[in-house]
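# Fold and geometry: a report
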Amino acid sequence: NMKLKKILTLASILCLSLSIVSCSTNTDSKNNSQGESGKKQLRFAIWDLEQKPGFEEIVTKFNEENPDINVVIEVTPYKNYFTTLDTAAQANNLPDIFTINAPNFLKYQEGGKLMDLSECNIDLNEFNQAVTEIYTVDNKIYALPRDFDAIGMFYNKKLFNELGLEPPKTYDEMIEVAKKLKENDPNIIPILIPHTDNQAGYWNLVIQAGGEIVNEDGTSGWDSSEALEAMNFYNNLVQDGLSIKPTKSEGIDNITSVANKKIGMFYSGVWTTAEVSQLSNKEDIDIAPLPTSGKNDISSVIHGVGTAVAENTKYPEEAKKFIEFMASDEANKILAEKSGVMPAKNGFADTLYKANSNLTGLKDTVESASRGVGYFKSGKTGWDSKEVEIITKMLNGDLTPEETVKMLADEANKILK
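Residues numbered from 1 in each chain as written. Predicted model: local features only at pLDDT ≥ 70, side-chain atom pairs only at ≥ 80, totals over all residues. Heavy atoms only, no water.

### Some details on the packing of aromatic side chains
All told, the structure shown has 18 aromatic pairs when counted by the stated rule. Their ring planes at 50° and their centres at 5.8 Å tell us that Phe-62 and Phe-325 sit as a pair that is tilted. Placement of the pair is Phe-62 in helix α1 (residues 52-65) and Phe-325 in helix α12 (residues 316-326), with a sequence separation of 263 residues. For Phe-62, a relative accessible area of 2% puts it in the buried group. Classification of Phe-325 as buried rests on a relative accessible area of 8%. (Phe/Tyr/Trp six-rings, centres within 6.5 Å; stacked < 30°, edge-to-face > 60°. Helix = DSSP H or I, 4+ residues; strand = E, 2+ residues; numbered from the N terminus. Buried < 20%, exposed > 50% of the residue type's maximum accessible area, 1.4 Å probe, protein only.)

### Let's talk about the sheet that holds strand β8 (residues 189-192)
The strand order β8-β9-β7-β10 describes an open sheet built from 4 strands, whose pairing is mixed. The open sheet has two free edges, formed respectively by β8 and β10 (285-289), since each of these has just one partner strand. Along the sheet, successive strands turn relative to each other by an average axial angle of 25°, direction set aside. Docked against the sheet, helix α6 (residues 171-184) engages β8 and β9 (263-269), running at close to 135° with respect to β9. (Pairing = 2+ DSSP bridges. Axes fitted to C-alpha atoms, helices over the stretch in contact; angles between N-to-C directions. Contact = heavy atoms within 4.5 Å.)

### Comments concerning unusual backbone geometry
In this model, Asp-138 sits at a positive phi of 50°, which is unusual for a non-glycine residue. Inspection of the secondary structure puts Asp-138 in the loop between β4 (136-137) and β5 (140-141). You will see that Lys-261, though not glycine, has its phi angle at about 65°, which is positive. For Lys-261, the location among the structural elements is in the loop between α10 (254-259) and β9.

### With respect to the environment of Leu-42
By the secondary structure assignment, Leu-42 is in strand β1 (residues 40-46). Taking the relative accessible area as the measure of exposure, Leu-42 reaches 0% and is therefore buried. Look past the residues within four positions of Leu-42 in its chain and what remains in contact with it is Ile-69, Asn-70, Val-71, Val-72, Asp-96, Ile-97, Thr-313, Tyr-315, Glu-318 and Ala-319.

### Considering the environment of Thr-292
By secondary structure assignment, the location of Thr-292 is in the loop between β10 and β11 (301-302). Sequence separation of Thr-292 and Val-309 is 17 residues, and the distance between their C-alpha atoms is 38 Å. When residues no more than four places from it in sequence are discounted, the contact partners of Thr-292 are Lys-169, Thr-170, Tyr-171, Gln-208, Asp-297, Ile-298 and Arg-371.

Rendered as structure tokens:
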């Protein structure tokens with residue numbers, strides 16, 4: 001019973017037929033508060049310092065091509081980003097252009113803080129449909145899809161080759177591989193599915209069991225037989241010694257441990273490729289699509305950030321012009337090369353693959369996103385904040401899976417309802 005779950009198979013991709021009308025610059029600006037040089041100044045907020053060099057190059061090119069506009073980047077670390085943005089929104093002082101994510105999108109969209117970008121000269125069929133869907137409400141787009149992240153399984157291919165193992169395609173194969181890794185080295189952590197990262201970790205088990213994290217009616221999906229099945233599977237990995245209790249995983253650098261044969265298989269997003277590229281023995285590591293449950297062929301939870309424009313920006317036409325530039329091939333090539341992300345615009349994957357040629361399974365992993373489920377949308381935020389605490393208790397042996405899913409649903413529904 002998959003209900004209206006947004007399973008994005010290549011065949012059932014949602015096509016958004018948005019009117020394509022150019023956002024030509026309106027020199028008649030609504031406001032005259034301009035920068036010192038008489039340019040119209042636009043603030044552009046991001047949170048990722050590692051991606052800043054790429055954005056600086058994009059902004060420099062845009063500013064050169066538009067001498068009457070000056071886009072300025074503002075970086076706020078992620079842990080403070082949305083607190084700062086919320087305060088600015090309440091004071092009607094949002095940056096003109098800013099990064100938005102799925103957990104916070106609907107709050108801003110329903111609050112009337114985001115400009116409808118449907119009239120921009122952008123063909124949304126050229127963008128990853130899972131990410132496009134996140135930022136679409138009633139066939140209108142409120143943030144330009146910027147990047148996307150499939151979740152994959154990193155593993156030590158040198159170790160796998162030594163033992164004659166293949167990356168597992170199903171849960172059953174994963175258990176078999178884990179047992180063989182343990183037989184070979186009793187001290188290895190055969191599988192690590194992060195309990196501290198819902199999207200890269202345990203949410204994938206729930207959707208692969210056919211469950212939901214947030215139901216269509218806006219209530220929590222945790223109180224279901226599918227979620228219970230997923231937590232039983234997750235808990236058994238730890239209790240059977242094929243994974244590790246959270247009490248023992250403090251301070252482990254996961255991707256370095258994969259490189260050093262201390263972790264066999266590790267779930268993480270394609271964003272981890274940037275970290276892998278810094279390792280001296282990066283040639284030993286590879287990635288594969290997540291193993292599937294056998295109940296369906298769902299791969300993983302797909303997310304990607306968007307670039308939004310404040311509804312009350314003083315310079316709406318100039319801001320839309322920047323969004324159109326962000327949608328260009330030129331800007332997306334810079335994103336892939338300089339910011340190390342997978343652009344949400346189709347056709348830029350090869351740039352990422354070339355930069356990470358040691359990861360022979362990266363292409364398969366990225367393409368598995370077509371079997372993914374878009375990140376869960378809710379107008380409420382913070383409903384998932386207790387998840388890690390509750391799941392940690394289960395994995396440490398202090399809660400049963402039954403108690404766990406009930407507590408998870410109760411905590412989420414306090415906010416969702």
